[in-house]
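One letter stands for each residue in the lines below.
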Amino acid sequence: MDCWFLHLHILLFELCKKNFLKYVFILFNSFFNMKYLHPIRIFAAAVCVFSCSAFAQGVKIPAEAVKQYGLKLENIEFKVKGLKKTYHFVHITDLHVMPDDMSEVRKDRQKIFEHRRDIRFANPKTKLKPSILWKKLPELLNPSGADAIFFGADICDFGSIKTYDTLIPVFKQFKIPFIFLRTSHDISTWILTVRNQKEVNERSKLIDGHPDLPVIEYDDLLIIGWDNNEYNIKKETLEKFKKYYTKGKPILFVIHVPITIPGDGSQESMNKIGIKHVWNNKNIRPNQYTKELFELVTRKGSPVIGIVGGHVHRTWDGLVNGQIRQHIFSPAFEGNIGIITVKPE
């Protein structure tokens, strides 16, 4: 028995060299050295073996970084029948990165620009500007164990050449798959001296080609994003969605502006906590193609296992059409990092 404990002890020590088990090791070590308490030692070993598995799985972000950058990890989980493995994803939305260079900004908007960059969207704990966290993300997320990253739109505060000069070098550093959704803030030129929308759109394409339905496909799971989902889709986009929809694989649907269906109670639930700007309210009405998309996504028996979004700067979780779970993540400018686990049921 002592030999068995010794081998386990060495194994734990080797794992602890990677830091994520050092506290488990200390706890185990204290029990290991207690004499005449073999039942307790056996129990401690079992706990430690279980802890090894728990710590080795999922998304890992160093505690020091969580404190330094004022991060909060928002964990959600989806269970799926027939899934072959567990997937781990990071979701980041509403970071509102702004460049330090103000040369493109209209003079009458420069104070607004500085307020939004340095105060409005600064982390409430650390007071760091969003661009500081943005530049750190590859270092934090590449070794995190995430299978992919979902950038759920409003990653920047306005679209410009200087903004994309800030974003593109960081995107190039990611070594794991990602999807990048754009909405109004990511492409809007509202605060700029020259509103060259076409040039901004071309700049944005340098990241990933700017697909209308970005997709990450696994053997037993589909991730489908809806780009620029503050606006209605076209027939061609709906047909693309249907091709993936009919594959029979579970789908995690990544959006920005939340979906509500009239009469399902979701909009009323959101309104109670101040969430107004969502689909099917008085300002955002679906056309025939968007309506059909919503029907496909939320119908009974849909392959869609869940919807994740952002936009409203609040957390909400509930059912859409009484069928499909939708989770709205809090904004990244407040330090929020979404952690999504999709696992076999």
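This one's a predicted model, so the numbers in the text were calculated from it and none came from an experiment.

A. Structural detail: the overall build of the protein. Each helix and strand in the protein was counted, giving 12 helices and 11 strands. Going through the 345 residues of the protein one by one, you find that 51% of them count as buried. Counting only contacts in the protein whose residues sit at least 6 apart along the sequence, the fraction spanning at least 24 positions is 75%.

B. Fine view of helix H5 (residues 110-120). For H5, the set of buried residues is Phe113, Arg116 and Arg117. Down the axis of H5, the smallest arc covering the buried residues is 90°, so these residues share one side. For H5, the exposed residues lying more than 90 degrees away from the buried face are Lys111 and Ile119. On the buried face of H5, the contacting elements are helix H6 (130-141) and helix H8 (184-187).

C. Quick look at the pairing of strand S7 (residues 251-254). By the alternation rule, side chains of S7 split into Ile251 and Phe253 and Leu252 and Val254, which are all buried. Looking at chain direction, strand S6 (residues 222-225) and S7 are connected through four bridges and run parallel. Looking at the pairing, Gly225 lines up with Val254 of S7. Once you follow S6 into helix H10 (residues 235-245) and on to S7, the crossover reads as right-handed.

D. Focus on the sheet that holds S7. Ordered in space as S5-S6-S7-S8-S10-S9, the six strands form an open sheet in which the pairing is mixed. Both edges of this open sheet fall to strand S5 (215-217) and strand S9 (316-320), since each of them pairs with a single strand only. For this sheet, the mean inter-axis angle between neighbouring strands, taken without regard to orientation, is 15°. Pairing of S5 with S6 involves three bridges; the strand directions are antiparallel. Within S6, the position partnered with Ile216 by the bridge is Ile223.

E. Representation of the packing of aromatic side chains in the model. Applying the stated criterion across every chain yields a total of 22 aromatic pairs. Relative to Phe89, the ring of Tyr87 lies with its centre 6.1 Å away and its plane at 5°, an arrangement referred to as stacked. Relative to Phe294, the ring of Trp279 lies with its centre 5.6 Å away and its plane at 80°, an arrangement referred to as edge-to-face. Here Trp279 is found in the loop between helix H11 (266-272) and helix H12 (288-298), whereas its partner Phe294 is found in helix H12, with 15 residues between them in sequence. Take Trp279 and Phe294: they sit in the same class, and that class is buried. In this structure, Arg325 packs its charged tip against the face of Phe78, placed 5.0 Å from the ring centre.

F. Region of the structure containing H12. Considered for burial, the residues of H12 that qualify are Thr290, Leu293, Phe294, Leu296, Val297 and Thr298. In this structure, the buried residues of H12 make contact with H10, S7, strand S8 (304-309), S9 and strand S10 (324-328). Among the residues of H12, the N-terminal cap falls to Asn287, whose side-chain oxygen and the backbone nitrogen of Tyr289 are separated by 3.1 Å.

G. Summary view of the sheet that holds strand S4 (residues 178-180). Read from one edge of the open sheet, five strands run S1-S11-S2-S3-S4, paired in mixed fashion. The open sheet has two edge strands, strand S1 (72-80) and S4, and neither has a second partner. When strand polarity is set aside, the average angle formed by the axes of neighbouring strands in this sheet is 20°. Relative to strand S11 (residues 336-344), S1 runs parallel, the two sharing nine bridges. By the bridge assignment for S11, Glu77 is matched with Thr341.

H. Region of the structure containing the side chain of Thr189. Position of Thr189 relative to the elements: it lies in the loop between H8 and helix H9 (197-208). Excluding its chain neighbours within four sequence positions, the residues that come into contact with Thr189 are Gly159, Arg195, Gln197 and Val200.

I. Region of interest: the layout of surface pockets. Quantified by volume, the second largest pocket comes out at close to 370 Å³. Lining the second largest pocket we find 15 residues, and of these His210, Asp212, Asp227, Asn228 and Thr237 sit closest to its centre. Listed by contribution, the elements that provide at least two residues to the lining of the second largest pocket are H9 and H10. A per-class count over the lining of the second largest pocket returns five nonpolar, five polar and five charged.

J. Up close: the nonpolar core. Within the largest apolar cluster, 33 residues are counted, with the highest numbers of intra-cluster contacts made by Val90, Ile92, Trp134, Phe151 and Phe174. Counting only elements with at least two residues in this core, the list comes to strand S2 (87-92), H6, strand S3 (148-151), helix H7 (161-171), H9 and S11. Trp134 has contacts with Leu95, Val97, Phe151, Ile155, Thr166, Leu167, Val170, Phe171 and Phe174, leaving out every residue within four places of it along the chain. Ile255, Ile284, Phe294 and Val297 belong to the second-largest nonpolar core, a separate cluster that totals 24 residues.

Basis of the calculations
Residues numbered from 1 in each chain as written. Predicted model: local features only at pLDDT ≥ 70, side-chain atom pairs only at ≥ 80, totals over all residues. Heavy atoms only, no water. Helix = DSSP H or I, 4+ residues; strand = E, 2+ residues; numbered from the N terminus. Buried < 20%, exposed > 50% of the residue type's maximum accessible area, 1.4 Å probe, protein only. Contact = heavy atoms within 4.5 Å. Arc of directions from axis to C-beta. Pairing = 2+ DSSP bridges. Right-handed = clockwise from strand over helix to strand, strands pointing away. Axes fitted to C-alpha atoms, helices over the stretch in contact; angles between N-to-C directions. Phe/Tyr/Trp six-rings, centres within 6.5 Å; stacked < 30°, edge-to-face > 60°. Lys NZ or Arg CZ within 6 Å of the ring centre and 35° of its normal. Polar contact = N/O pair within 3.5 Å; in protein donor to acceptor, adjacent residues only side chain to side chain. 1 Å grid on protein atoms, 1.4 Å probe; cavity = no way out; pocket = protein on both sides within 12 Å on 5 of 7 lines; lining within 4 Å. Points joined across faces, edges and corners; volume = space filled by probe spheres on them. Nonpolar A, V, L, I, M, F, W, Y, C, P; charged D, E, K, R; others polar. Core = buried A, V, L, I, M, F, W, Y, C linked by side-chain atoms within 4.5 Å.

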